[in-house]
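A closer look at the structure
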Amino acid sequence: PIGYAFILSFIPYGYVIYFAFALNIVCAGLFAGCLSVFFFTMKRSVWGVIPVFIVTVFYPLIFHYANAVSPDIGTAAFSLGGTYLLWKVEFRDNSTNHQTRDDFLAGLLFGLSALFRSHGIISAVAILFSYSVVMCVRRLWSRKTIVITLVLTFLIQIGVNLISGH
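Residues numbered from 1 in each chain as written. Predicted model: local features only at pLDDT ≥ 70, side-chain atom pairs only at ≥ 80, totals over all residues. Heavy atoms only, no water.

Overview of the pattern of salt bridges
- Enumeration according to the criterion identifies 4 salt bridges in this entry.
- Asp 72 is paired through a salt bridge with Arg 117; the nearest N and O atoms lie 2.9 Å apart. Of this pair, Asp 72 sits in helix 5 (residues 72-87) while Arg 117 sits in the loop between helix 6 (100-116) and helix 7 (119-135), placing them 45 residues apart in sequence.
- Assessed through its relative accessible area of 31%, Arg 117 is described here as partly exposed.
- Measuring nitrogen to oxygen at the nearest pair gives 2.6 Å for the salt bridge that ties Arg 143 to Asp 103. Residue Arg 143 is found in the loop between helix 8 (137-141) and helix 9 (144-164), and its partner Asp 103 is found in helix 6; the two are separated by 40 residues along the sequence. (Salt bridge = Lys/Arg side-chain N within 4 Å of Asp/Glu carboxyl O. Helix = DSSP H or I, 4+ residues; strand = E, 2+ residues; numbered from the N terminus. Buried < 20%, exposed > 50% of the residue type's maximum accessible area, 1.4 Å probe, protein only.)

In structure tokens form, the structure reads like this:
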């Protein structure tokens, strides 16, 4: 996948390792923030978010992936952000209107997770499939912007593979 390598290609050679660590810390922060906001949206309690945030920050695997030069935490953060935007409206009371902006961003985040790691596309398809099972296929079809944006974002990877001969 080209996402992580593409971002690091713009950094001068001597600073790549430092920038990679910084990028992973930012992605870990995005992951912790998305998880906290997701939990707050479900429970509507600030006091419930604080332990979730603390556990997320000090959980050994998240700490490891935040401090290792690897795109795994970026994939997790983008997948969680897309999942939050996918389910955000369902957790609100008396709200069934989905915003096209949220659908576009959810598809973009799912696509970015696939550009960071190959298993991100499998995770995105599984999340969208589970949403269609729980909420009915018609509900997902009304939000087809997510699927279209995901496919368009992942076409970047397919194009690079075709051009490079992989």
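Side note on the nonpolar core
- Ranked by internal contacts, the top residues of the largest apolar core, which has 32 residues, are Leu 86, Phe 110 and Leu 128.
- Secondary-structure elements contributing two or more residues to this core are helix 1 (3-8), helix 2 (16-43), helix 4 (60-66), helix 5, helix 6, helix 7 and helix 9.
- The element that contributes the greatest number of residues to this core is helix 5, accounting for 8 residues.
- Not counting residues within four places of it along the chain, the set of residues in contact with Phe 110 comprises Phe 78, Ser 79, Gly 82, Thr 83, Ala 124, Ile 127, Leu 128, Ile 146 and Leu 150. (Core = buried A, V, L, I, M, F, W, Y, C linked by side-chain atoms within 4.5 Å. Contact = heavy atoms within 4.5 Å.)

Considering the packing of aromatic side chains
- Throughout the structure, instances matching the rule amount to 2 aromatic pairs.
- Ring geometry for Phe 78 against Phe 116: centres 5.2 Å apart, planes inclined by 85°, an arrangement best described as edge-to-face. In this pair, Phe 78 is assigned in helix 5 and Phe 116 in helix 6, connecting sequence segments 38 residues apart.
- For Phe 78, a relative accessible area of 11% corresponds to the buried category.
- The exposure class of Phe 116 is buried, given its relative accessible area of 5%. (Phe/Tyr/Trp six-rings, centres within 6.5 Å; stacked < 30°, edge-to-face > 60°.)

Remarks on the side chain of Thr 149
- Structurally, Thr 149 is set in helix 9.
- The contact partners of Thr 149, leaving out residues within four places of it in the chain, are Phe 104, Gly 107 and Leu 108.

A short note on helix 3 (residues 46-58)
- The end-to-end C-alpha distance of helix 3, which contains 13 residues, comes to 19 Å, matching closely the 18 Å that a straight helix rising 1.5 Å per residue would cover.
- The secondary structure elements touched by the buried residues of helix 3 are helix 2 and helix 4. (Expected span 1.5 Å × (residues − 1).)

A look at helix 9
- Counted at 1.5 Å a residue, the expected span for helix 9 with its 21 residues is 30 Å, and the 30 Å between its end C-alpha atoms agrees.
- Of all the bends found along helix 9, the most pronounced is centred on Leu 155 and spans about 25°.
- Those residues of helix 9 not exposed but buried are Ile 146, Thr 149, Leu 150, Thr 153 and Gln 157.
- Those residues of helix 9 that are buried lie in contact with helix 5, helix 6 and helix 7. (Bend = angle between axes of the 7 residues up to and from the residue.)

Note that every value here comes from positions in space, so none of it alone points to a role or purpose.
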